Amino acid sequence: MNNYLITGASGMIAGGFIQKIVSEHQYVGLILLTRDKVHTAYRYQKLLEASHTPIKIISDLSELTDNEAASVTAVINLAGSPISTGLVNTAKFKDLYESRVTYTKNLVKKLKERNITPQVFISASSMAVYSETSAPFTETTAPESPKSKLAKLCNDWEKAALNAHSELNSRVVIMRLGNVTDLSGGMLMRLLPVFQKGYIPLLGNGEQIIPWITLFDTARVISHLIRKNGIEGPVHVCTGELIAQFELFKTLAAITGMKTAKTLRVPKFLVKAAQKDAAQAVLNSIASVPEKLNGSGFTFRYRTAADYVRAVRETMEITAELQNSRS
């Protein structure tokens, strides 16, 4: 049996991917490499008990048998402390850097030492690697020299991951993630309390293009990247909907069923004061187009924010009807 080695198993994106693999009963095993085995085991307890998919939780590669090590065909590297809280101080940035760049360097080194040579090494990155641009661009556009701490972090993170090609002879895919959206986490979960109070945030001028993707489609993208041998290098993991920040937030706010809303204007300087370098994730206009996904036959379940909101509302209404029928 082939095994997929997943780092950062407690994160939202990894969790979505693991749920997808298990729900589809794919004939692969999952090895979750985590710092906290107890927490990870607790999170996936139901899957461990009910799933037909073999799941092994480890904190070090030395815990693998030789057969298990030889059977790893894909590494999905999603480890890293959350960036959403901003780069407030030097200690926070150090933690972000070590949990991504240093961790990835060490991961490649340890894989080589353990003689684990996956066919594909998929590693996360962020659209923050790019400078601001309102003109549509694809993966063929090379990022400029880093102009911020966050851009430098992403640049170094990608370089560390690319070492897997020379060290492990693996096909390397860099997922440049847009803002991942789901009711359980990410951008949407952080916005819901504001929406529920009747406000729609307008950050800066609100006209900046925000790349985004649902958690559901992100999990599907990872599966697609594993299967498609012709894809390598950076991949834009976003829908390609060139939608402005305020319009995106206004569309997503409809999930709450609000009929009237007030605009919550947040000047650019306040966003920067609160989020430091991380502010560029919502202030910079990044008109990224997922050319590699589009060209390789990937079909988004939710291509537009309106499609996603409509699907969520329908699910909520069906759930409410079922609950009413049982009461």
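Look above for the structure.
Being a predicted model, the structure only gives us computed values, none of them experimental.

Engineer: Mind showing me how you'd approach the packing of helix 1 (residues 12-24) against helix 8 (residues 215-227) here?
Structural biologist: Packed helix pairs are specified by the crossing angle of their axes together with the interaxial distance, meaning the distance between the axes. Where helix 1 contacts helix 8, the axes come no closer than 8 Å and their chain directions differ by 70°. By the angle between their directions, the pair helix 1 and helix 8 is classed as roughly perpendicular. Considering how the two elements wind past one another, helix 1 and helix 8 form a crossing that is right-handed. The residues of helix 8 that touch helix 1, namely those facing Met12, Ile13, Gly16, Phe17, Lys20 and Ile21, are Leu215, Thr218, Ala219, Arg220, Ile222, Ser223 and Ile226. When grouped by side-chain class, the residues that make up the contact of helix 1 with helix 8 number eight nonpolar, three polar and two charged.

Engineer: Whenever I open this one, helix 13 (residues 305-326) confuses me. Can you help?
Structural biologist: Residue pairs spaced three or four apart in an α-helix point in one direction, given the helix's 3.6 residues per turn. With 22 residues, helix 13 extends 32 Å from end C-alpha to end C-alpha; this agrees with the ideal 32 Å at 1.5 Å per step. Of all the positions in helix 13, only Ala305, Tyr308, Val309, Ala311 and Val312 are classed as buried. Projected down its long axis, helix 13 shows its buried positions confined to an angular sector of 165°, all on one face. Opposite the buried face of helix 13, by more than 90 degrees, sit the exposed residues Glu321, Asn324 and Ser325. On its buried side, helix 13 packs onto strand 8 (179-182), helix 7 (186-196), strand 10 (212-214) and helix 9 (245-253).

Engineer: Explain the sheet that holds strand 3 (residues 55-58) here, please?
Structural biologist: Sheet strands associate in pairs through backbone hydrogen bonding, adopting either a parallel or an antiparallel arrangement. As summarised here, the arrangement of the seven strands in space is 3-2-1-4-5-7-11, forming an open sheet in which the pairing is parallel. Among the strands making up the open sheet, the edge pair consists of strand 3 and strand 11 (233-237). Strand-to-strand twist in this sheet, taken as the mean axis angle between neighbours without regard to direction, amounts to 20°. The pairing of strand 2 (residues 28-33) with strand 3 spans four bridges and is parallel. Its bridge partner being in strand 3, Leu32 is matched across the sheet by Ile57. Along the sheet face, helix 6 (residues 149-168) touches strand 4 (72-77), strand 5 (120-126) and strand 7 (171-177) and points at about 175° away from the line of strand 5.

Engineer: I keep staring at the layout of surface pockets and nothing clicks. Help me out?
Structural biologist: Once rolled over the atoms, a probe with the size of a water molecule shows which space is left empty. Roughly 290 Å³ of internal volume is contained in the second largest pocket. What lines the second largest pocket is a set of 19 residues, and nearest its centre among them are Glu132, Lys147, Ser148, Gln280 and Asn284. For the lining of the second largest pocket, the elements supplying multiple residues, two or more each, are helix 10 (268-275) and helix 11 (280-283). Classifying every residue of the lining of the second largest pocket gives seven nonpolar, five polar and seven charged.

Engineer: Would you mind showing me how to read the pairing of strand 8 here?
Structural biologist: If a strand is regular, its side chains alternate between the two faces of the sheet. The alternating pattern of strand 8 places Asn179 and Thr181 on one face and Val180 and Asp182 on the opposite face, and all of these are buried. Note that strand 8 and strand 10 share three bridges and pair parallel. Residue Val180 lies in a different strand from strand 10, and its bridge partner there is Ile213.

Engineer: What am I meant to see in helix 6 here?
Structural biologist: In this model helix 6 runs 29 Å from its N-terminal to its C-terminal C-alpha over 20 residues, within 8% of the 28 Å that 1.5 Å per residue would give. Buried residues of helix 6: Leu150, Ala151, Leu153, Cys154, Asp156, Trp157, Glu158, Ala160, Ala161, Ala164 and Leu168, and no others. Where helix 6 ends, the next residue or the one after it, Asn169, has phi of about 60°, a positive value.

Engineer: Before we go on, may I ask you to explain the packing of aromatic side chains in this structure?
Structural biologist: Describing an aromatic ring pair means giving the distance of the ring centres and the angle of the ring planes. All chains considered together, the criterion is met by five aromatic pairs. Taking the centre distance of 6.0 Å and the plane angle of 50° together, the rings of Phe93 and Tyr97 count as tilted. Taken as a pair, Phe93 and Tyr97 lie in helix 5 (residues 90-113) at a separation of four residues, close to a single helical turn. Given the relative accessible area of 22%, Tyr97 is considered partly exposed. Summarising the aromatic geometry, the rings of Tyr302 and Tyr308 are spaced 5.4 Å apart at their centres and angled 75° between planes, so their arrangement reads as edge-to-face. Residue Tyr308 is classed as buried on the basis of its relative accessible area of 5%. Here a set of aromatic residues connected by ring pairs shows up, and it is made of Phe216, Tyr302 and Tyr308. In this structure, Arg100 packs its charged tip against the face of Trp157, placed 5.0 Å from the ring centre. The aromatic ring of Phe93 is capped on one face by Lys149, whose charged end is 5.3 Å from the ring centroid.

Engineer: Before we go on, may I ask you to explain the pairing of strand 1 (residues 2-7) in this structure?
Structural biologist: Burial analysis of strand 1 places five of its six residues in the buried class, which makes it a mostly covered element. Bridge count for strand 1 against strand 2 is six bridges, and the pairing is parallel. Residue Leu5 lies in a different strand from strand 2, and its bridge partner there is Ile31.

Engineer: I tried to follow the environment of Pro267 on my own but got confused; where do I start?
Structural biologist: Positionally, Pro267 belongs in the loop between strand 12 (262-266) and helix 10. When the C-alpha positions of Pro267 and Gly206 are compared, they lie 9.7 Å apart, and in sequence the two are 61 residues distant.

Engineer: Just checking my understanding: could you explain unusual backbone geometry for this structure?
Structural biologist: Note: most peptide bonds trans; most residues except glycine with negative phi. The phi dihedral of Asn115 is positive, around 60°, even though this residue is not glycine. With respect to the element layout, Asn115 can be found in the loop between helix 5 and strand 5. A relative accessible area of 59% means that Asn115 is categorised as exposed.

What counts and how
- Residues numbered from 1 in each chain as written.
- Predicted model: local features only at pLDDT ≥ 70, side-chain atom pairs only at ≥ 80, totals over all residues.
- Heavy atoms only, no water.
- Axes fitted to C-alpha atoms, helices over the stretch in contact; angles between N-to-C directions.
- Helix = DSSP H or I, 4+ residues; strand = E, 2+ residues; numbered from the N terminus.
- Parallel < 35°, antiparallel > 145°, perpendicular 65-115°, else oblique.
- Left-handed = near helix turned anticlockwise from the far one by under 90°.
- Contact = heavy atoms within 4.5 Å.
- Nonpolar A, V, L, I, M, F, W, Y, C, P; charged D, E, K, R; others polar.
- Expected span 1.5 Å × (residues − 1).
- Buried < 20%, exposed > 50% of the residue type's maximum accessible area, 1.4 Å probe, protein only.
- Arc of directions from axis to C-beta.
- Pairing = 2+ DSSP bridges.
- 1 Å grid on protein atoms, 1.4 Å probe; cavity = no way out; pocket = protein on both sides within 12 Å on 5 of 7 lines; lining within 4 Å.
- Points joined across faces, edges and corners; volume = space filled by probe spheres on them.
- Phe/Tyr/Trp six-rings, centres within 6.5 Å; stacked < 30°, edge-to-face > 60°.
- Lys NZ or Arg CZ within 6 Å of the ring centre and 35° of its normal.

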